[in-house]
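# Structure assessment
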Amino acid sequence: MLGVSGPAIEWGAGAAFLIASVLADLSFLLIVPLLHQQGMLPVWAWISSFTADLLLTAAVVAGFLWVRNDAGAAALAAAAYTVLQTVNRVVLLQLILRGPHSPPFFIVYLWMANFLFLLILALAVRWIQPTWLGLWIGASAA
């Protein structure tokens, strides 16, 4: 995943992961208000989405660089992302931007959801060719 096959990272793959995350969130941020027939989402939602994409990419790059086992790397990346995103939500969203509070159980849900997403995505990319099809099936299944 992310081009990690040795001690070095293919940074283009990391950048592609970040761009795909941003584009997926961008479509969500633009489509949801249309479906609910409301105005644009608040600024805090846009900032939160972009910072979450950056944190997820950093956690995934680190997890898959340091651990060669898909399940272990996905668990490590999901745990790192959960911690980083929890701090991000408290500091950025709640203290600075005055966004909504998340219930404490959200932390467990966030880890489980991201672990399953990263594991299924990693396995699909390794087993399904061509890569674009693996990405699509992995992301859809997750």
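Right, let's walk through the structure included here. (Residues numbered from 1 in each chain as written. Predicted model: local features only at pLDDT ≥ 70, side-chain atom pairs only at ≥ 80, totals over all residues. Heavy atoms only, no water.)

### Thoughts on the pattern of salt bridges
Counted by the stated rule, this structure contains 1 salt bridge. The partner of Arg-126 in a salt bridge is Asp-70, and the shortest N-O contact between them spans 2.8 Å. Linking Arg-126 in helix H4 (residues 106-127) with Asp-70 in helix H3 (residues 70-96), this pair joins segments that are 56 residues apart in sequence. Relative accessible area serves as the criterion here: at 13%, Asp-70 is assigned to the buried category. (Salt bridge = Lys/Arg side-chain N within 4 Å of Asp/Glu carboxyl O. Helix = DSSP H or I, 4+ residues; strand = E, 2+ residues; numbered from the N terminus. Buried < 20%, exposed > 50% of the residue type's maximum accessible area, 1.4 Å probe, protein only.)

### Description of H4
End to end, H4 covers 31 Å across 22 residues, agreeing with the expected 32 Å (1.5 Å per residue, within 8%). For H4, the full list of buried residues reads Leu-110, Asn-114, Phe-115, Leu-118, Leu-119, Leu-121, Ala-122, Ala-124 and Val-125. (Expected span 1.5 Å × (residues − 1).)

### Re the packing of aromatic side chains
Any two aromatic rings considered together are summarised by their centre-to-centre distance and by the angle between their planes. Under the criterion given, the structure shown has 1 aromatic pair. Centroid distance Trp-111 to Phe-115: 5.2 Å. Interplanar angle 5 degrees. Geometry classified as stacked. One end of the pair, Trp-111, and the other, Phe-115, are both in helix H4, 4 residues apart, so they sit about a helical turn from each other. With a relative accessible area of 31%, Trp-111 lands in the partly exposed category. (Phe/Tyr/Trp six-rings, centres within 6.5 Å; stacked < 30°, edge-to-face > 60°.)

### What to know about the environment of Val-125
Locating Val-125 in the fold gives a position in helix H4. On the accessibility criterion, Val-125 (18% relative accessible area) is buried. Considered as a pair, Val-125 and Gly-138 are 13 residues apart in the sequence and their alpha carbons are 7.0 Å apart. Among residues more than four places away in sequence, those in contact with Val-125 are Thr-131, Gly-134 and Leu-135. (Contact = heavy atoms within 4.5 Å.)

### Examining the packing of H4 against helix H5 (residues 131-141)
One way to put it is that H4 packs onto H5 with a least axis distance of 8 Å and a crossing angle of 155 degrees. Classified by the angle their axes make, H4 and H5 are roughly antiparallel. Our pair here, H4 against H5, has a crossing hand that is right-handed. Contacts between H4 and H5 involve Phe-117, Ile-120, Leu-121, Ala-124 and Val-125 on the former and, on the latter, Thr-131, Gly-134, Leu-135, Gly-138, Ala-139 and Ala-141. (Axes fitted to C-alpha atoms, helices over the stretch in contact; angles between N-to-C directions. Parallel < 35°, antiparallel > 145°, perpendicular 65-115°, else oblique. Left-handed = near helix turned anticlockwise from the far one by under 90°.)

### Here's the deal with the side chain of Asp-70
Within the structure, the side chain of Asp-70 is placed 2.8 Å from the side chain of Arg-126, a separation counted as a polar contact. When near neighbours in sequence (up to four residues on either side) are disregarded, Asp-70 contacts Phe-64, Leu-119, Ala-122, Leu-123 and Arg-126. (Polar contact = N/O pair within 3.5 Å; in protein donor to acceptor, adjacent residues only side chain to side chain.)

### So, the nonpolar core
Counting 18 residues, the largest nonpolar core has Phe-17, Val-60, Phe-64, Ala-74, Tyr-81 and Leu-118 as the members making the most contacts within it. Broken down by secondary-structure element, the contributors of at least two residues to this core are helix H2 (43-66), H3 and H4. (Core = buried A, V, L, I, M, F, W, Y, C linked by side-chain atoms within 4.5 Å.)

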